[in-house]
Protein chains: 2
Amino acid sequence: MSPIVDIHTHVYTPAYLDMLRARKKVPYVHDPADPNADSRLIILSSDDSAAIPADQRGRPVDSSYSDINVKLAFMRRHGITTSVISLANPWLDFLDAHEAQAWTERINNDLEETCAKVNSTETQVSGASKTLYAFGALPLSAPSPSIVSDEIKRLKTLPHMRGIIMGTSGLGAGLDDPALDPIWASLEETQTLLFLHPHYGLPDEAFGGAEATQRYGHVLPLALGFPLETTIAVTRMLLSGVFDRFPKIKILLAHSGGTLPFLAGRIESCIAHERHFVANGGTTQGPVRGVWDVLKTNIYLDAVVYGEAGLKAAIHAAGGHDRLLFGTDHPFFPPLDEKEDNAWLSVSTNFTAIEKTLSPDQDAVRAVLGGNAVRILNLI
Amino acid sequence: MSPIVDIHTHVYTPAYLDMLRARKKVPYVHDPADPNADSRLIILSSDDSAAIPADQRGRPVDSSYSDINVKLAFMRRHGITTSVISLANPWLDFLDAHEAQAWTERINNDLEETCAKVNSTETQVSGASKTLYAFGALPLSAPSPSIVSDEIKRLKTLPHMRGIIMGTSGLGAGLDDPALDPIWASLEETQTLLFLHPHYGLPDEAFGGAEATQRYGHVLPLALGFPLETTIAVTRMLLSGVFDRFPKIKILLAHSGGTLPFLAGRIESCIAHERHFVANGGTTQGPVRGVWDVLKTNIYLDAVVYGEAGLKAAIHAAGGHDRLLFGTDHPFFPPLDEKEDNAWLSVSTNFTAIEKTLSPDQDAVRAVLGGNAVRILNLI
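Residues numbered from 1 in each chain as written. Chains lettered and ligands numbered in written order. Predicted model: local features only at pLDDT ≥ 70, side-chain atom pairs only at ≥ 80, totals over all residues. Heavy atoms only, no water.

Looking at an unreviewed UniProt entry, one finds chain A named 2-amino-3-carboxymuconate-6-semialdehyde decarboxylase, putative, with Talaromyces islandicus as its source organism. Taken directly from UniProt, the Sequence similarities (unreviewed entry) text for chain A runs: "Belongs to the metallo-dependent hydrolases superfamily." (UniProt positions renumbered as here; feature names shortened; annotations may be inferred.)

Structure follows, in structure tokens:
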């Protein structure tokens, strides 16, 4: 049977949730008085308003976020043979400097241990060779980049680690921050894949202010804010020359690149017409390598785009289907109708888009569903 | 010969520039002391900083913005047979209420007169039947919506008008503002095409602050801010039910929909998973019609996306190539190298993308380059 590999699937490890429970400021976990109510995770300052009752702030965090058996049941339900699990946002960016290294090591070790334990058990049950791998987190608030680099190197020694997950803020100033160069260097040197994932979305003003943003629940921040955040982050990386200085860096972009495949042509055109860049007689160093080149060389895209239109753009931008990897975004976007205990709509939408876009080339379908991940991440 | 129709091409009429010259606050035109220097158009408050010398604020406005003969020369250079000209941003949103109606009528009449005059002259020169049409502007700051509706109706009586152009702020509160309903009703009733075009981009914070935004010249605001603004605006329209209440409204989206074709699937998925919406047991009325339906029914897209990846997504989202229309965005994105007096790179990139994406179907290429515009806008 061909492997089906989910490379976009999140967990909060139990220790991570305990750490968030001990906090009183964003991000934190609040346990309602009602023991039957789900804990609440408050990760955005806009969710931490005194105007919102504490039991309704943020989002519910049920066992699907931290119980690996729920993940395994989800995988079985959807025929997923292998998952590369990663911490969900907000990762570890908020940790006090002196705690960052210890917490990161602990959480990464927990992830590694979970993979090892599950794989050993699952092998006995199913005879399949491997079930779980992980992307580690980084101690980005640590007092020196060398601590981050050390963790990148240490992760290479853990048998189930296949890369790291990072948000778009970097060290706090975005991914075009020159202070990140030692970290890019470590990622490139160790050929560690970076899974770049959004967290903050866009400022409410982009949606017409806080009231307009919240008018439609989470649709605007999630449907638009997240992918636009990714697009902005990677464009800033490109414009600042990260891909010129680190030409062998490997980055997996969440949500099929946000909107990068669609906007790549416009970005390339705007760069070519920008008078500020030295190449055009200006005063600012512009990027040497172009967007299309970077997309085909450094970038991998998940196939979490929920439709053929986006997938077609992603495949074209990536120079073919070889750089696209199936994902689910579990445990987010569960079915609202609890009776729906078959396939999740959010998952089947992506399955269908892959099949329809690549059909009748079943080799291509299998590649996106799992073969590419096995090859690129050296799985199984 | 098949027509090549440019539906995205801007002008500032001479009267409009004179009005901007008389203003001292944004938007305004500043004439440098040096008579050989181009006038400067200051349309964003961030460009109106005392820290920037007046002669360097905003952007230069040369004759290509207002001299119709420059437009005609550009058309001849690129084989464009027909252009549907429209006022460039900031349109007329900023006018004092008591001035709005008079200025709008004057500017729309000027556009109509320019079309009539050019067409009459060009027919004598080339024997071709028609060269120019126009999208009118609306007096959105007028004291009552009926003034706007009256202008929409009046525009239908002007022989060269083929729709109206509008920014994303509407009456100042975005396009999900219920106060716009009488205007949507007029547009629907008269079957007037709305050309929706970005102007404000995103807040600087989205790009990491003012310094980060300006670090790369205009690349971030133009390459990302503009298309994201359009995407947000039309998504807010959708979420607020504009397409439910006005199911026959017709909208042409600039820049191939910003990023709407790419994100349509994610938007649809986020709506389906949004607990706040009544359909999902929530408390807020969500949209009835879906994104894909609206894209195939109400939306037209220009083909100004500078690459095959975006164009493939646009064609798929629009349900085929029948709703895509060639455009240039002239006079923006001129060649930086003045010696380049052949085709503009910004134009040839879009020509090439259309040809490569649709080849070998030459009928489809001709449809996007002109046939669709002739049919949809009733030209020639």
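Read on for the rest.
Trainee: Whenever I open this one, the overall build of chain A confuses me. Can you help?
Mentor: Check the secondary structure of chain A and you find 13 helices and 11 strands. Computed over C-alpha atoms, the radius of gyration of chain A comes to 20 Å, within 12% of the 21 Å expected from 2.2 N^0.38 for 380 residues, which places it in the range of a compact globule. Buried positions account for 60% of the 380 residues belonging to chain A. The long-range share in chain A, meaning contacts at least 24 apart out of those at least 6 apart in sequence, stands at 71%. About 14000 Å² of surface is accessible on chain A, with carbon and sulfur atoms providing 53% of the total. Seen as two clouds, the 32 positive and the 44 negative side-chain charges of chain A have centres 4 Å apart. (Helix = DSSP H or I, 4+ residues; strand = E, 2+ residues; numbered from the N terminus. Rg over C-alpha atoms; globule rule 2.2 N^0.38 Å. Buried < 20%, exposed > 50% of the residue type's maximum accessible area, 1.4 Å probe, protein only. Contact = heavy atoms within 4.5 Å. Areas by Shrake-Rupley, 256 points an atom, 1.4 Å probe, with all protein chains shown as cover. Lys, Arg positive; Asp, Glu negative; His and termini not counted. Charge placed at Lys NZ, Arg CZ, Asp CG, Glu CD.)

Trainee: Teacher, can you tell me more about the packing of aromatic side chains here?
Mentor: The description of two aromatic rings rests on the distance between their centres and on the angle between their planes. Residue and element names in this part refer to chain A. For the coordinates displayed, the defined rule picks out 14 aromatic pairs over all chains. Look at Tyr65 and Phe332: their rings are 5.5 Å apart centre to centre, the planes differ by 80°, and that puts the pair in the edge-to-face class. Taken as a pair, Tyr65 in the loop between strand S4 (59–61) and helix H2 (68–78) and Phe332 in the loop between strand S11 (324–325) and helix H12 (345–358) lie far apart in primary sequence, 267 residues in all. Since its relative accessible area comes to 9%, Tyr65 is described here as buried. On the basis of relative accessible area, Phe332 is assigned to the buried category, the value being 12%. By way of ring pairs, the aromatic residues Tyr12, Tyr16, Tyr65 and Phe332 are connected into one cluster. (Phe/Tyr/Trp six-rings, centres within 6.5 Å; stacked < 30°, edge-to-face > 60°.)

Trainee: Quick question: what am I supposed to make of the pattern of salt bridges here?
Mentor: Residue and element names in this part refer to chain A. Under the criterion given, the structure shown has 20 salt bridges over all chains. The residue Arg215 makes a salt bridge to Glu211 at a minimum N-O spacing of 2.5 Å. Residue classification places Glu211 among the exposed positions, given a relative accessible area of 53%. (Salt bridge = Lys/Arg side-chain N within 4 Å of Asp/Glu carboxyl O.)

Trainee: Please explain the side chain of Glu274 of chain A as it appears in this structure.
Mentor: Secondary-structure assignment places Glu274 of chain A in the loop between helix H9 (260–272) and helix H10 (291–297). Looking at Glu274 of chain A, its side chain comes within polar contact range of the main-chain nitrogen of His276 of chain A, at 3.0 Å. Glu274 of chain A has contacts with Asn280 of chain A together with Tyr216, Gly217, His218, Val219 and Leu336 of chain B, leaving out every residue within four places of it along the chain. (Polar contact = N/O pair within 3.5 Å; in protein donor to acceptor, adjacent residues only side chain to side chain.)

Trainee: Explanation requested: the relation of the copies chain B and chain A in the structure shown.
Mentor: A rotation about some axis, followed by a shift along it, carries one copy of the chain onto the other. Laying chain B over chain A is done by rotating through 180° and shifting 0.0 Å along the axis; what remains is an RMSD of 0.0 Å. The symmetry that links the two subunits is that of a two-fold axis. Taking C-alpha positions as the reference, the residue of chain B nearest the rotation axis is Ala313 of chain B, at 2.7 Å. Interface residue correspondence from chain B to chain A reaches 100%, placing this contact among same-surface, isologous pairings. (Least-squares fit on C-alpha atoms with pLDDT ≥ 70 in both.)

Trainee: Just checking my understanding: could you explain the packing of H9 of chain A against helix H7 (residues 219–239) of chain B for this structure?
Mentor: In a packed pair of helices, the relevant descriptors are the angle between the two axes and the axis-to-axis distance. Two numbers describe how H9 of chain A lies on H7 of chain B: the axes approach to 8 Å, and their chain directions differ by 150°. With respect to H7 of chain B, the element H9 of chain A is oriented roughly antiparallel. Where H9 of chain A crosses over H7 of chain B, the handedness of that crossing is right-handed. Across the interface between the two elements, Leu263, Arg266, Ile267, Cys270 and Ile271 of chain A of H9 of chain A pack against Val219, Leu222, Ala223, Leu224, Phe226, Pro227 and Leu228 of chain B of H7 of chain B. Looking at the contact of H9 of chain A with H7 of chain B, its residues break down into 11 nonpolar, no polar and one charged. (Axes fitted to C-alpha atoms, helices over the stretch in contact; angles between N-to-C directions. Parallel < 35°, antiparallel > 145°, perpendicular 65-115°, else oblique. Left-handed = near helix turned anticlockwise from the far one by under 90°. Nonpolar A, V, L, I, M, F, W, Y, C, P; charged D, E, K, R; others polar.)

Trainee: Mind showing me how you'd approach the sheet that holds strand S11 (residues 324–325) of chain B here?
Mentor: Pairing between sheet strands relies on hydrogen bonds along the backbone, with the strands arranged either parallel or antiparallel. Residues and elements named next belong to chain B. Here eight strands make up an open sheet; going across it, the order is S1-S5-S6-S7-S8-S9-S10-S11 and the pairing parallel. Strand pairing shows two members of the sheet lacking a second neighbour, strand S1 (5–11) and S11, which therefore form its edges. Note: strand S9 (residues 251–253) against strand S10 (residues 299–302), three bridges, orientation parallel. Paired with Ile251 across the strands is Ile299, a residue of S10. (Pairing = 2+ DSSP bridges.)

Trainee: Could you clarify how one ought to interpret the environment of Ala142 of chain B in this entry?
Mentor: Residue and element names in this part refer to chain B. Examined against the element boundaries, Ala142 turns out to sit in the loop between strand S6 (132–136) and helix H4 (145–155). Between the alpha carbons of Ala142 and Asp110 there is a distance of 20 Å; along the sequence they are 32 residues apart. Not counting chain neighbours up to four residues away, the residues in contact with Ala142 comprise Ala97, Ala100 and Ile147.

Trainee: Would you take a moment to explain the side chain of Ser186 of chain A for this structure?
Mentor: Position of Ser186 of chain A relative to the elements: it lies in helix H5 (residues 181–189). If we ignore the near neighbours within four places in the chain, the residues touching Ser186 of chain A are Ser149 and Ile152 of chain A.

Trainee: Explain the sheet that holds strand S7 (residues 161–166) of chain A here, please?
Mentor: With respect to topology, eight strands assemble into an open sheet ordered S1-S5-S6-S7-S8-S9-S10-S11 (chain A), the strand pairing being parallel. A single partner strand is all that each edge strand has here, and the edge strands are strand S1 (5–11) and S11 of chain A.

Trainee: Would you mind going over the packing of helix H7 (residues 219–239) of chain A against H7 of chain B with me for this structure?
Mentor: At a closest axis distance of 11 Å, the pairing of H7 of chain A and H7 of chain B adopts a crossing angle of 175°. One finds that H7 of chain A runs roughly antiparallel with respect to H7 of chain B. Together, Val219, Leu220, Leu224, Leu228, Thr231, Ile232, Thr235, Arg236 and Leu239 of chain A of H7 of chain A and Val219, Leu220, Leu224, Leu228, Thr231, Ile232, Thr235, Arg236 and Leu239 of chain B of H7 of chain B make up the contact between the two elements. Each residue belonging to the contact of H7 of chain A with H7 of chain B can be placed in one class, and the counts come to 12 nonpolar, four polar and two charged.

Trainee: Would you mind going over the interface of chain B and chain A with me for this structure?
Mentor: Reports often express the size of an interface as the amount of accessible area lost when the parts come together. Each partner contributes residues to the interface: chain B has 65 residues there, and chain A has 65 residues. For the chain B and chain A pair, buried surface summed over both sides reaches about 5700 Å², with 71% attributable to carbon and sulfur atoms. Looking only at chain B, the three residues that lose the most surface to chain A are Phe262, Arg266 and Leu336 of chain B, adding up to 16% of its buried area. At the surface where chain B touches chain A, the tally comes to two salt bridges. Put simply, chain B and chain A have 11 residue pairs in polar contact (both at pLDDT 80 or more) between them. Sorting the residues of the side of chain B that touches chain A by element identifies H7, helix H9 (260–272), helix H11 (308–317) and helix H12 (345–358) of chain B as the ones contributing at least two each. (Buried area = accessible area lost by both parts, 1.4 Å probe.)

Trainee: When you look at the environment of Ala37 of chain A in this model, what are you seeing that I'm missing?
Mentor: Residue and element names in this part refer to chain A. Here Ala37 lies in the loop between strand S2 (28–30) and strand S3 (39–42). Residue Ala37 is classed as partly exposed on the basis of its relative accessible area of 32%. Between the C-alpha atom of Ala37 and that of Asp55, which follows or precedes it by 18 residues, the distance is 8.6 Å.

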